[in-house]
Amino acid sequence: MTNTTPSLDTPGVHTLPGNGDLTRIVLSNTQSVGELYLHGAHMTRWQPRDSEPVLWLSDSAVFTAGKAIRGGVPLCWPWFGPHPADASAKAHGFARLNEWRVGGVEQQREHTRVTLHLTSSPATLDLWPHDFALALEITAGPTLAVALTTHNTGADPFTITEALHTYLTVADIGQVSIEGLHGARYIDQTRSGAVLTQDGPTVTFIEETDRVYQTTAACTVIDPVLGRRIHVAKSGSGSTVVWNPWIEKAARLADFGDDEWPGIVCIEAANAFDAAITIAPGDSHTIRTEISVYPL
Ligand code: TA6
């Protein structure tokens, strides 16, 4: 890992000054350029060299300790959504709010892999009373693969919910459709958690959309304006979350530009609600998503 200020075309893994007071790592190879922050082990950029940016990042994102970066791939862990018992706890857990450390780096001509780690501490034990070791493996190349492994290093089983909360760039959400969810049951978070069934082969967007689909299947974002398909494959995941805040919710989020909502869709490999994961002492579980881009 270099500490110089290389161009983004310089192959390798480079530590560069990031936004705010945070440390940024750039991953560059012949196939793509990516960047991540040690804060939250947060992938904030991935762009194949022959494509428009794939991960979306808000222009209003805040880069500071204790606050999740708006966009990229936030890690929701060890709970998805509100804390199951403590209304004062921050939504989506604390993995995205902590500084991770780099474990390993692998640079190949066509891909770059970085592994990062977070382990339980007195601070995390105050928030969640279990010993754990997390490992995140990011592989940026012709595709982007993100794999989060939870190890139970304690003496008792624990149960987690989680999501790789991926924000994808689209040209106009009103013209986007999602394939692959036909017939899947979903929890509609905009309709008081009603359990519905996906009717029709594609999901389209006419309002705030916040759905937790109960599925292990891959899905595909069809963007006719950018002329591309974004395929989101996954493993170790029983839920897929589809989210667009639309107008009112985007306006309520200080770190989300009021005019940014047409340009994003979240497709999140998750384990939420009935797909919660219980891990025995000494065991581990991995959730993985892999994003690929193709012309229409
Ligand atoms: O994944 C969808 C969701 O749970 C939405 O309900 C919305 O809250 C979104 O996550 C963003 O959450 P955040 O805590 O990052 O603002």
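Note that this is a predicted model, so its numbers are computed, not measured. (Residues numbered from 1 in each chain as written. Predicted model: local features only at pLDDT ≥ 70, side-chain atom pairs only at ≥ 80, totals over all residues. Heavy atoms only, no water.)

(A) Seen up close, the nonpolar core. The biggest cluster of nonpolar side chains holds 64 residues, and the ones touching the most others in it are Trp 100, Leu 168 and Ile 178. Every residue in contact with Ile 178, bar those within four places of it in the chain, is listed here: Pro 201, Thr 202, Val 203, Phe 205, Cys 219, Thr 220, Val 221, Val 265 and Ile 267. In terms of nonpolar packing, the next biggest core, distinct from the first, is built from eight residues, Phe 80, Ile 187, Val 212 and Val 241 among them. (Core = buried A, V, L, I, M, F, W, Y, C linked by side-chain atoms within 4.5 Å. Buried < 20%, exposed > 50% of the residue type's maximum accessible area, 1.4 Å probe, protein only. Contact = heavy atoms within 4.5 Å.)

(B) Highlighting the packing of aromatic side chains. This model, assessed by the stated rule, comprises 14 aromatic pairs. Geometrically, the ring pair formed by Trp 246 and Trp 261 is tilted, given 4.6 Å between the ring centres and 45° between the ring planes. Here Trp 246 is found in helix α2 (residues 246–252), whereas its partner Trp 261 is found in the loop between α2 and β21 (264–271), with 15 residues between them in sequence. The exposure class assigned to Trp 246 is buried, which follows from its relative accessible area of 15%. Three or more aromatic residues joined by ring pairs make a cluster, and in this case those are Trp 77, Trp 79, Phe 94, Trp 128, Phe 132 and Phe 158. (Phe/Tyr/Trp six-rings, centres within 6.5 Å; stacked < 30°, edge-to-face > 60°. Helix = DSSP H or I, 4+ residues; strand = E, 2+ residues; numbered from the N terminus.)

(C) Seen up close, the sheet that holds strand β8 (residues 132–140). The antiparallel open sheet is built from nine strands, whose spatial order is β6-β7-β8-β9-β23-β19-β18-β13-β16. Strands with a single pairing partner mark the edges of an open sheet, and in this sheet they are β6 (101–107) and β16 (202–203). As paired elements, strand β18 (residues 219–223) and strand β19 (residues 228–235) share five bridges and run antiparallel to each other. Paired with Cys 219 across the two strands is Val 232, which belongs to β19. (Pairing = 2+ DSSP bridges.)

Read these as layout, nothing more, since geometry by itself doesn't imply function.
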